[in-house]
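What follows is each chain in one-letter form.
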Amino acid sequence: LPHQFQSAKVILQRIQDAGFEAYFVGGCVRDTLLGVPLHDVDIATSAYPQEVKQLFKKTIDTGIEHGTVTVMDHGRAYEITTFRTESAYQDFRRPDKVEFVRSLAEDLKRRDLTINALAMDVNGQVIDLFAGLADLKNRVIRAVGDPHERFHEDALRMMRTVRFASKLDFKVEDSTLAAIAENAELLQKIAVERIYVEWTKLLLGKNPQRGLAAFFKTGLYQYCPLFFDKGKVLKQLLQFPAFTLQTEEGAWTLFCFLSGLSLRTATKLLKAWKSSNEMLKTVQKTLRILQIEQEKKLTSWDEYQAGLDCLLYANEAATVMGKGKNAAAIAQHYERLPIKTRHELAINGGDLLHFLAIKPSPYIGQLLDQLERAVVSGQLPNERQVLLQAAVTAQQNHLE
Ligand code: ATP
Ligand code: MG
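Residues numbered from 1 in each chain as written. Chains lettered and ligands numbered in written order. Predicted model: local features only at pLDDT ≥ 70, side-chain atom pairs only at ≥ 80, totals over all residues.

Undergrad: Where do I start with the UniProt feature "binding site: Mg(2+)" (unreviewed entry) in the chain in this structure?
TA: Residues annotated in UniProt with the feature "binding site: Mg(2+)" (unreviewed entry) correspond here to D40 and D42. Setting aside residues no more than four positions away along its own chain, D40 makes contact with C28 and E79. Looking at the element boundaries, D42 is found in strand β2 (residues 42-45). With 18 C-beta atoms counted inside 10 Å, the residue D42 sits in the partly exposed group. In this structure, D42 is in contact with V25, G26, G27, C28, E79 and T81, ignoring residues within four places of it in sequence. (UniProt positions renumbered as here; feature names shortened; annotations may be inferred. Contact = placed C-beta atoms within 7 Å. Helix = DSSP H or I, 4+ residues; strand = E, 2+ residues; numbered from the N terminus. Buried ≥ 20, exposed ≤ 12 C-beta atoms within 10 Å, placed from the backbone.)

Structure follows, in structure tokens:
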């Protein structure tokens, strides 16, 4: 049994001792067999949720209506889900009904891809009903059963298919790919938030171009928010030498930049994707950096306004386009800025009011902006006396 599963062994054993079946299933089996780190260990069982709860002292009803109970053991959490089938798919979305069953085979049958439909028992024996092991070995993404039907049942599976092609650098099997091309428009039925998750995982995969190629070729992209005209951008991405992306921020910025979007239209795109405000702000700042760099060298002020994170995201995007710099050098350069935030300025608005003996007004803000700029660009040292003196001079000029 793989070592990642050792600590969960007692959980499976306890369920089995009570007369039920229990297996490791899904992504954790796939990743273990591939020898990549797992993030969670999922367990499937023939025991019903209430039966699972009776077996363990500490449980949490994580998603009990879908059959999932979390068991806490020695500070670790295990998600235990009752075998289930999904029936009555309407609207090409998730099933409206899940039915608990006692058969592992039924449970594996409803899973999306053969490599995700593997189970492993307590002895490390793999249960492989859909030749998932062969697909894993041959690096193939293939739908379980009839791909046409499976994508009709749940259109998100098409996004998952291209996402896994990227994530694992696997090839999408021909009939699975053809079924995506035929059913692509069903993706419109899926909530944007769920498409978003798969899209970002695609971009951050091991070989994004593999996923993007399938995403493009099948026309699936056309049914993502405001992507109907993004074929050209995808083609461009496919023509770059092989690349990887580390952050969602870098990925979105790259995509917006290649699309030639202004800050305004980039905002529209990200809003259509229901991006967080945080992400939106960061991408705007990062995109701005790439736009400036197209015209000229960045000034200290540009770097200051962007902040180090955004400078590095911009570099991530630039690297894909063959214009990357050394990240350490960017950080070093940034560290040389006299101040990093307005808080570090040796004076504040209160000081100005006091020293100039004037009433609060927008003028104070403007003055502070001027001083901030002067310090950042190295025209003035960040020293209290010097800045106050400069404020006096500026005020005199202002009054004249
Ligand atoms: P990751 O490493 O990204 O978490 P994963 O395979 O664990 O990959 P999850 O989304 O966590 O993916 O889903 C867990 C398992 O549930 C999958 O391996 C698959 O067997 C099944 N599954 C998830 N989503 C679907 C779906 N839309 N249709 C069918 N089966 C699904
Ligand atoms: Mg998972």
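So much for the structure itself; the text now carries on.
Undergrad: Looking at this model, I keep getting lost on the UniProt feature "binding site: ATP" (unreviewed entry) in the chain. Mind explaining?
TA: UniProt's entry tags G27, R30, R111, D154, R157, R160 and R163 with the feature "binding site: ATP" (unreviewed entry), counted in the numbering of this structure. Assignment of secondary structure puts R111 in the loop between α5 (104-109) and β8 (119-120). Every residue in contact with R111, bar those within four places of it in the chain, is listed here: G26, N116, A117 and V144. Among the secondary structure elements, D154 is positioned in the loop between α7 (147-153) and α8 (156-168).

Undergrad: Explanation requested: the site of ligand 1 in the structure shown.
TA: Around ligand 1, the neighbouring residues are G26, G27, R111, D112, N116, A117, D154, L156, R157 and R160. At three residues, α8 tops the list of elements feeding residues into the shell around ligand 1. Residues of the shell around ligand 1, tallied by class, amount to two nonpolar, three polar and five charged. Residue assignment places the shell around ligand 1 across two domains, with domain 1 (1-131) and domain 2 (139-242) each supplying three or more. (Near = placed C-beta within 6 Å. Nonpolar A, V, L, I, M, F, W, Y, C, P; charged D, E, K, R; others polar. Domains from an automatic or database assignment.)

Undergrad: How do you make sense of the sheet that holds strand β5 (residues 76-82) when you look at a structure like this?
TA: Note: strands within a sheet are paired through backbone hydrogen bonds, in either parallel or antiparallel orientation. Reading across from one edge, β3-β4-β5-β2-β1-β8-β9 is the order of the seven strands in this open sheet, with mixed pairing throughout. A single partner strand is all that each edge strand has here, and the edge strands are β3 (59-63) and β9 (126-127). Where β8 and β9 come together, two bridges link them in antiparallel fashion. The residue bridging A119 from the neighbouring strand is I127, located in β9. (Pairing = 2+ DSSP bridges.)

Undergrad: Sorry, what's going on with the nonpolar core here?
TA: Among soluble globular proteins, nonpolar side chains are generally buried collectively. Core analysis: the biggest nonpolar cluster contains 92 residues, and Y23, F24, I43, A119, L187 and L220 have the highest contact counts within it. Every residue in contact with L187, bar those within four places of it in the chain, is listed here: A155, M158, M159, I195, L220 and Y223. Membership of the second largest hydrophobic core comes to nine residues, among which are Y304, L371, V376 and A391. (Core = buried A, V, L, I, M, F, W, Y, C linked by C-beta atoms within 7 Å.)

Undergrad: Help me understand the confidence of the model for the chain in this model?
TA: Detail in the predicted coordinates should be disregarded across regions flagged by low pLDDT. On average, residues of the chain score 95 in pLDDT, and 98% of them reach the 70 mark or higher. Two summary scores accompany this predicted model of the complex, namely pTM at 0.93 and ipTM at 0.99. (pLDDT = per-residue confidence, 0-100.)

Undergrad: Can you help me understand the packing of helix α13 (residues 248-258) against helix α15 (residues 277-295) in this one?
TA: Between two packed helices, what matters for the description is the angle formed by their axes and the separation of those axes. One way to put it is that α13 packs onto α15 with a least axis distance of 9 Å and a crossing angle of 55°. On the basis of the axis angle, α13 is oblique to α15. Seen along the crossing, α13 lies across α15 with a hand that is right-handed. On the side of α13, the interface is formed by E248, E249, W252, T253, C256 and F257, while α15 contributes M279, T282, V283, T286, L287 and L290. (Axes fitted to C-alpha atoms, helices over the stretch in contact; angles between N-to-C directions. Parallel < 35°, antiparallel > 145°, perpendicular 65-115°, else oblique. Left-handed = near helix turned anticlockwise from the far one by under 90°.)

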